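The lines below spell out each chain.
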Amino acid sequence: MSYSPVCTSTDGFQPVHFQAVEAAAEAIHDTWAVTRVQQGWSFGLSRNDDVKHHPCLIPYDMLEESEKEFDKKTAEATVAALLIKDYAIQPPSAAQAQPAAATAAPTTDP
C-alpha cells in the first residue's frame, strides 16, 4: 500500500488564513484542556503524571509561544487542507466577532 500525504504548506496564505489558524489553535488547545480536566488533570507548575498536574492547563493566550506552536502546527495543516479542498475561509462579520453575551438581546423582568 502506498501513501502520499498532502503537503499542507502555508505558502500563499492570506492574512485571513493566519487569523483562522490562531482561532483554530485556541480551539485545539481548549479541546485538549477540556479532555485533560475530564480525565482528572489540573494545573500544576510542572507536569506530574502521577498526580495529574500540567502547566499548560491555562488559557491559550497565557501559554508560552513554544507551547502554542503545538496547536498552531495542527491548525495550519487543517486550514491548508481545507483550502486545498476548495473551502473558503472568510473573516467573521463584526456581529459574529463579538462575544455571545455582548450580542445577546437584553432581558427584562416582567
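Please read these numbers as outputs of a predicted model, since none were measured by experiment.

1. Side note on the packing of aromatic side chains
Turning to step 1, where the next piece is worked out: Per the stated rule, a full pass over the model turns up 1 aromatic pair.
Turning to step 2, where the next piece is worked out: We note arginine 36 situated over the ring of tryptophan 41; from NZ or CZ to the ring centre the distance is 4.5 Å.
Turning to step 3, where the next piece is worked out: Between lysine 68 and the ring centre of tyrosine 60, over which it is positioned, the NZ or CZ distance is 5.1 Å.

2. Quick notes on unusual backbone geometry
Turning to step 1, where the next piece is worked out: A positive phi angle, near 60°, is found at lysine 52, a position not held by glycine.
Turning to step 2, where the next piece is worked out: One can find lysine 52 in the loop between β1 (42-43) and β2 (53-54).
Turning to step 3, where the next piece is worked out: Here lysine 52 falls in the partly exposed class, since its relative accessible area comes to 33%.
Turning to step 4, where the next piece is worked out: The phi dihedral of aspartate 86 is positive, around 70°, even though this residue is not glycine.
Turning to step 5, where the next piece is worked out: Following the sequence through the fold, aspartate 86 ends up in the loop between α2 (65-84) and α3 (94-97).
Turning to step 6, where the next piece is worked out: Classification of aspartate 86 by relative accessible area gives exposed; the value is 70%.

3. What about the pattern of salt bridges?
Turning to step 1, where the next piece is worked out: Counted by the stated rule, this structure contains 5 salt bridges.
Turning to step 2, where the next piece is worked out: Across the salt bridge formed by glutamate 65 and lysine 72, the nearest N and O atoms sit 3.3 Å from each other.
Turning to step 3, where the next piece is worked out: Ionic pairing is found between glutamate 76 and lysine 73, a salt bridge with its closest N-O pair at 3.9 Å. Here glutamate 76 and its partner lysine 73 are both found in helix α2, 3 residues apart, which amounts to about one turn of the helix.

4. Some points on α2
Turning to step 1, where the next piece is worked out: Helix length check: α2, at 20 residues, gives a terminal C-alpha distance of 27 Å against a target of 28 Å (1.5 Å per residue), a fit within 8%.
Turning to step 2, where the next piece is worked out: A maximum bend of about 30° is found in α2 at aspartate 71.
Turning to step 3, where the next piece is worked out: Every buried residue belonging to α2 is among Lys68, Asp71, Lys72, Ala75, Glu76, Val79 and Ala80, and all of these are buried.
Turning to step 4, where the next piece is worked out: Buried-residue contacts for α2 involve α1 (15-38).
Turning to step 5, where the next piece is worked out: Of the residues trailing α2, aspartate 86 is marked for its positive phi of about 70°.

5. Some words on the nonpolar core
Turning to step 1, where the next piece is worked out: Counting 11 residues, the largest nonpolar core consists of Phe13, Ala20, Val21, Ala25, Cys56, Tyr60, Leu63, Ala75, Val79, Ala80 and Ile89.
Turning to step 2, where the next piece is worked out: Every element with two or more residues in this core is listed here: α1 and α2.
Turning to step 3, where the next piece is worked out: Filtering out sequence-adjacent residues up to four positions away, isoleucine 89 remains in contact with Val16, His17, Ala20, Val79 and Leu83.

6. Structural notes on the confidence of the model for the protein
Turning to step 1, where the next piece is worked out: The share of residues in the protein with pLDDT of 70 or more is 85%, and the mean pLDDT across the chain is 88.
Turning to step 2, where the next piece is worked out: Low pLDDT (under 50) marks residues 101-110, which in the prediction has 2 contacts with non-local residues, meaning those over four places away or in another chain.

About the cut-offs
- Residues numbered from 1 in each chain as written.
- Predicted model: local features only at pLDDT ≥ 70, side-chain atom pairs only at ≥ 80, totals over all residues.
- Heavy atoms only, no water.
- Phe/Tyr/Trp six-rings, centres within 6.5 Å; stacked < 30°, edge-to-face > 60°.
- Lys NZ or Arg CZ within 6 Å of the ring centre and 35° of its normal.
- Helix = DSSP H or I, 4+ residues; strand = E, 2+ residues; numbered from the N terminus.
- Buried < 20%, exposed > 50% of the residue type's maximum accessible area, 1.4 Å probe, protein only.
- Salt bridge = Lys/Arg side-chain N within 4 Å of Asp/Glu carboxyl O.
- Expected span 1.5 Å × (residues − 1).
- Bend = angle between axes of the 7 residues up to and from the residue.
- Contact = heavy atoms within 4.5 Å.
- Core = buried A, V, L, I, M, F, W, Y, C linked by side-chain atoms within 4.5 Å.
- pLDDT = per-residue confidence, 0-100.

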